[in-house]
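# Descriptive structure summary
Okay, here's what each chain looks like letter by letter:
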Amino acid sequence: MSEQLSQDHLIRLGKEFGTPLYVYHAEKIKEQYAKLTSAFKNSNTLFFYACKALTNINILKYVCSLGANVDCSSINEARLALHAGFPPERILYTSNGIGFDEIEEAVSLGIIINVDSLSNLEKFGQKYGHTYPVGIRLRPNIMAGGNLKISTGHDKSKFGIPVDQADKVLALVERYDLNIADLHIHTGSEIKDVDVFVKGIEILFDLIPKFSDLKFIDLGGGFKVPYKDGDSETDIQLLAQKVNEAFANHPNPGGRPLQVWFEPGKFLVSECGYFITKVNVIKETDAATFVSVDSGFNHLIRPMFYDAYHRIENISNPDGAPKRYSVVGNICETDTFAWDRTINEVREGDYLVFYNAGAYGFEMSSNFNSRYKPAEVLVKDGQAHLIRRRDVFQDLLRNQIDL
Ligand SMILES: *Cc1c(COP(=O)(O)O)cnc(C)c1O
């Protein structure tokens, strides 16, 4: 039985906490985490939650309580993770084009660091030499992921040090006696084909023997979750089997057993999230029947930014006759959530819920149009807890300086 909140429950939450509202279901995160740990139970594998998907500290605390580690994309995420109770040795900071000052801060916090440029690697060597272990983010030159915007490992991508520059990395390791603890690759998001991960391993296997301090290989995140009916999830069992096979074919590369790391973001928190909105206006036109909800891409940008599909249901009228609608927002900009979508008959005042809203939903929200960011609620053990208040007018003025 897959963990899901019922439509009735979602309506009650919409009424109690107001809309627009993000709701997260803790037990779904646990279910997703268990899929990973059970598939890899016989392997030496760790999972680092890529928390840029959703950083509410209550989510971080919950993920921490499950026993997962955390992967951060900024020094502030690392600070939030510490705040939420992750010990430094369970926090990984995979950096992208950051200033060296953040790397210095990461070292002072005692967290694990992946460096993604020769420039920062050289600075790291000059300052720390062998004294602090460091990982290297490599760009494997593999094309993978749902679309170009979310593909990070291909040969035109800014991410990581291109594998074809491995000689330069090795020269720096030699010059500064660097202690390279892990090699990292992250090829993108929404990767369904597990062979992409195996291809990544194959690329790393060639390099592994050249790094004598190596303890971990980090294969990144990007597991796919189903958004539409008929969509499938990355087959984690198959992934575990293929990763284990790849290691069996290259026993102890470099003579040492290596621990394998993954960095799932979306996989852990996408399906736990529901975004509840209320219908302001229905507008009949020749082109479409528009349903305007009390939100926009200021709250859920994925449809406009990535052409992402989010399933939408009218939870106020689940037995209504199906009709075609374009679901749009209320901001002064084209903010279409769904074109020509079949939804049970919609009336003004109905609650519409967007599914799979946990990952990159609230996290990418903004105050565009001077609207408030939504509230967030966590449902855990059947109890609903407000975990972020909706903005109030004062929040719009908070950092402004009135001359
Ligand atoms: C974003 C990111 C992830 C997670 O990606 P998902 O598609 O959410 O699983 C993992 N690792 C790194 C380095 C990332 O930047």
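Preceding block: the structure.
First things first, this report covers the structure right here in the doc. Every value quoted in this text rests on a predicted model; they were computed, and no experiment measured them.

Another aspect to go through is the environment of Glu345. Within the secondary structure layout, Glu345 lies in the loop between β15 (336–344) and β16 (351–354). In this structure the C-alpha to C-alpha distance between Glu345 and Ser316, which are 29 residues apart in sequence, comes to 9.5 Å. Excluding anything up to four places from it in sequence, Glu345 contacts Asn314, Asn317, Gly320, Ala321, Lys323, Tyr325 and Asp350.

What follows deals with the packing of helix α6 (residues 118–128) against helix α7 (residues 166–176). Orientation of α6 relative to α7, taken along the N-to-C sense of each, is 10°, at an axis distance of 9 Å. Of the possible angle classes, the one that applies to α6 and α7 is roughly parallel. Only Lys168, Val169, Leu172, Arg175 and Tyr176 of α7 make contact with α6, whose side of the interface consists of Leu118, Leu121, Glu122, Gly125 and Gln126.

Okay, the environment of Phe362 next. Within the secondary structure layout, Phe362 lies in the loop between β16 and β17 (375–380). Taking C-alpha positions, Phe362 is 9.0 Å from Phe275, a pair spaced 87 residues apart along the chain. Those residues in contact with Phe362 that sit more than four places away from it in its chain are Tyr22, Tyr24, His299, Lys373, Pro374, Glu376 and Arg388.

Turning our attention to unusual backbone geometry. Here the residue pair Thr19 and Pro20 is connected by a cis peptide bond, since its omega of -5° sits within 30 degrees of zero. Its location among the elements puts Pro20 in the loop between α1 (7–17) and β1 (21–25). The phi torsion at Asp307 lies on the positive side, around 55°, for a residue other than glycine. Tracing the backbone through its elements, the reader meets Asp307 in the loop between α11 (302–306) and β13 (312–314). Phi is positive for Asn356, close to 55°, though the residue is something other than glycine. Structurally, the position occupied by Asn356 is in the loop between β16 and β17.

On to the pairing of strand β14 (residues 322–328). Sheet analysis places strand β12 (residues 289–293) next to β14, joined by three bridges and oriented parallel. Note that in β14 the partner of Ser292 across the bridge is Val328. Strand direction decides the pairing type here: β14 and β15, joined by six bridges, are antiparallel. Across the sheet, residue Tyr325 finds its bridge partner in β15, namely Arg341.

The next point concerns the nonpolar core. Membership of the largest hydrophobic core comes to 106 residues, with the highest contact counts inside it found for Tyr49, Phe124, Leu183, Phe211, Phe262 and Val269. Shared between two domains, this core takes at least three residues from each, and those domains are domain 1 (40–266) and domain 2 (273–397). Not counting residues up to four positions away in its chain, the partners in contact with Tyr49 are Leu54, Ile59, Leu60, Val63, Asn69, Val70, Asp71, Pro264, Gly265, Leu268 and Val269. In terms of nonpolar packing, the next biggest core, distinct from the first, is built from 16 residues, Leu10, Leu21, Val23 and Ala375 among them.

What counts as what
Sequence order as written defines the numbering, with residues in each chain counted from 1. Totals for whole chains, interfaces and linings use every residue, but because this is a predicted model, local features are given only for residues with pLDDT of at least 70 and side-chain atom pairs only at 80 or more, for both listing and counting. Heavy atoms from the whole structure form the basis of all side-chain values; hydrogens and water molecules are not counted. Every helix listed is a DSSP run of H or I at least four residues long, and every strand listed is a run of E at least two residues long, numbered separately from the N terminus. Contacts between residues were defined by any pair of non-hydrogen atoms, one from each residue, lying within 4.5 Å. Under this scheme, a helix contributes an axis fitted over its contacting stretch, all axes are lines through C-alpha atoms, and angles between N-to-C directions fall in the 0 to 180 degree range. Any angle that falls under 35 degrees is termed roughly parallel, while one over 145 is termed roughly antiparallel, one within 65 to 115 roughly perpendicular, and all others oblique. Strand pairing requires that DSSP identify at least two bridges connecting the strands. Remark: nonpolar core denotes a set of buried residues (Ala, Val, Leu, Ile, Met, Phe, Trp, Tyr, Cys) joined through side-chain atoms within 4.5 Å. Any residue under 20% of the maximum accessible area for its type is buried, any over 50% is exposed, and the rest in between are partly exposed; the area is computed with a 1.4 Å probe on protein chains only. Where a domain begins and ends is set by an automatic assignment or by a domain database.

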